[in-house]
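Summary of the model geometry
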Amino acid sequence: MAGKRSSGRRPLLLLGLLVAAAAVHLIACPYTKVEESFTLQATHDLLFHGLDLDQYDHHEFPGVVPRTFLGPLALASFSSPVVYVLSLLGVSKLYSQLAVRGILGLGVIWGLWTLQKEVRRQFGATVATMFCWMTATQFHLMFYCTRTLPNVLALTVVLPALAAWLQQRWARFVWLSALAIIVFRAELSLLLGFLLLLALYRRRLRVAMLLRQAVPAGLFWLGLTVAVDSYFWRYFVWPEGKVLWYNTVLNKSSNWGTSPLLWYFYSALPRGLGCSLVFVPLGAVDRRTLALSLPSLGFIALYSLLPHKELRFIIYAFPVLNVAAARGCAYLLNNYKKSLLYKVGTLLVVGHLVMNASYTATSLYVSHFNYPGGVAMQRLHELVPPKTDVLVHIDVAAAQTGVSRFLQVNSAWRYDKREDVRPGAPDMLAYTHILMEPVPEHLALYDATHRVLAQVPGTSGVSLNLTRLPPFSVNMQTKLVLLERLHRPS
């Protein structure tokens, strides 16, 4: 009986490991970047403004393309009880931001846990255990799981869809796939489409059954997103259709930078999987993991044709490749008694987790200093008495590096992110405080009217120094300055 209770506790300990890893990343980096802003601001507005759409941020700052409100609606629904309690306690809205992001992280972990349970059923406890340890010690998946990005919202749907594919629950797989593709990320038609084609090729799924599920699923999710998002955007729109047209047909995503064709393979995958990548080929010897891995690699290969690349665009492939890597590790662990070679392999399995954790700790430490906008907002509320009459201007650099509506914690203050005022212009004298980049020419314009209240540092790079421990140092420089007006304009 004791042995059964012990074996029953192990999966729960692994679940606690995943939750703890996500929580550490969330607490270490509580602020957000501009890529996360739409979902975060929309969730804030749903929670604090309800149906008063005139107060919503996206009408003033719509972004390059419209995004769906279905994700923010789900986040607001699940986080509203926590946010309500926090509001009753009168704590800072920053904790509400953490609650919203924490709910999203739990959604990703629920998906990972759903996938893990099916991996445990089909591949065994050792593979499932290694899958959890790999996932917890890798940096990017745990770092991104609480980030309010469309890719992460899609990930909460893709993970249970992958589990459904393994279970051969085709109706569930098709409906989840339609949700992920039509509502959140259209490029997932490549990854999930490859998995669907493989099921058809292996005759696990019939075309007639596919059509019976795909047609109503597509119509339902398309109708839902168009209806909901047209209401919130105040014009007829299918947001993900707009995104697909902008990124793929017009190829305007390349305006935000381009990368070489094979960048995902030589840069993104090694960083995303860490040392676990070396075990993927060994795990792919198993035909079951090979069948799961090939669609992911095909997705990455085809998606590489788009010149604009970011690691988060292929984050859905990381859990799949982790299953293959975990299978490779399990092969070594299960045979460690057979020969010296397997014993060395076992040491490599344990050592690679240590290496992954070391890389993650280093990356998280560096990332902690990468949100000067959020730190600057916190400094503003610490340095200025709450009853002061404040009208603060937040420039683009600050807005992109951590400022969000959740950080506008003083309801009596006015926060302005206008982009149509030039530094030093007469209109700028109306602001009691200015949060801006420390450009010397721009700062000189305020010498007679403002004083520097705070300087906010941020990461400018990392230097290696093999003579010390840890063997690196984070280079810091002033990223933002907080100015305070000396007197009222006459």
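Below is a summary of the structure that appears in this document. Predicted, not measured: the structure shown is a model, and the values here were computed from it. (Residues numbered from 1 in each chain as written. Predicted model: local features only at pLDDT ≥ 70, side-chain atom pairs only at ≥ 80, totals over all residues. Heavy atoms only, no water.)

Next up on the list: the packing of helix α5 (residues 94-123) against helix α8 (residues 150-167). Any two packed helices are characterised by how steeply their axes cross, that is the angle between the axes, and by the distance between the axes. It is the contact of α5 with α8, at a shortest axis distance of 8 Å, that shows an interaxial angle of 15 degrees. Here α5 lies roughly parallel to α8, going by the angle between them. Note that α5 runs across α8; the crossing there is left-handed. On α8, the residues that touch Leu104, Gly107, Val108, Trp110, Gly111, Leu112, Thr114, Leu115, Glu118 and Gln122 of α5 are Val152, Leu153, Leu155, Thr156, Leu159, Pro160, Leu162, Ala163, Leu166 and Gln167. Each residue belonging to the contact of α5 with α8 can be placed in one class, and the counts come to 13 nonpolar, six polar and one charged. (Axes fitted to C-alpha atoms, helices over the stretch in contact; angles between N-to-C directions. Helix = DSSP H or I, 4+ residues; strand = E, 2+ residues; numbered from the N terminus. Parallel < 35°, antiparallel > 145°, perpendicular 65-115°, else oblique. Left-handed = near helix turned anticlockwise from the far one by under 90°. Contact = heavy atoms within 4.5 Å. Nonpolar A, V, L, I, M, F, W, Y, C, P; charged D, E, K, R; others polar.)

The topology assignment puts Gln408 in the loop between α19 (396-400) and β2 (414-416). The class for Gln408 is buried, based on a relative accessible area of 19%. (Buried < 20%, exposed > 50% of the residue type's maximum accessible area, 1.4 Å probe, protein only.)

Note on terminology: disulfide describes a covalent bond linking the sulfur atoms of two cysteines. For the structure shown, the criterion picks out zero disulfides. No disulfide involves Cys132; its sulfur sits 13 Å from the nearest other cysteine sulfur, which is in Cys329. No disulfide involves Cys145; its sulfur sits 12 Å from the nearest other cysteine sulfur, which is in Cys29. (Disulfide = S-S within 2.5 Å.)

This brings us to the sheet that holds β2. The five strands are arranged β2-β1-β3-β5-β4 in an open sheet whose pairing can be described as mixed. At either end of the open sheet lies a strand with only one pairing partner, and these are β2 and β4 (450-464). The sheet shows a mean angle of 20 degrees between the axes of neighbouring strands, direction not considered. Sheet topology note: the strand β3 (residues 433-436)/strand β5 (residues 472-485) ladder contains four bridges and is antiparallel. Bridge pairing links His433 to Glu484 in β5. Contacting β4 and β5, helix α17 (residues 340-368) runs over the sheet at an angle of about 20 degrees to β5. Against the sheet, helix α18 (residues 372-383) makes contact with β1 (391-394), β2, β3, β4 and β5, and its axis sits at roughly 150 degrees relative to β4, the strand it touches most. (Pairing = 2+ DSSP bridges.)

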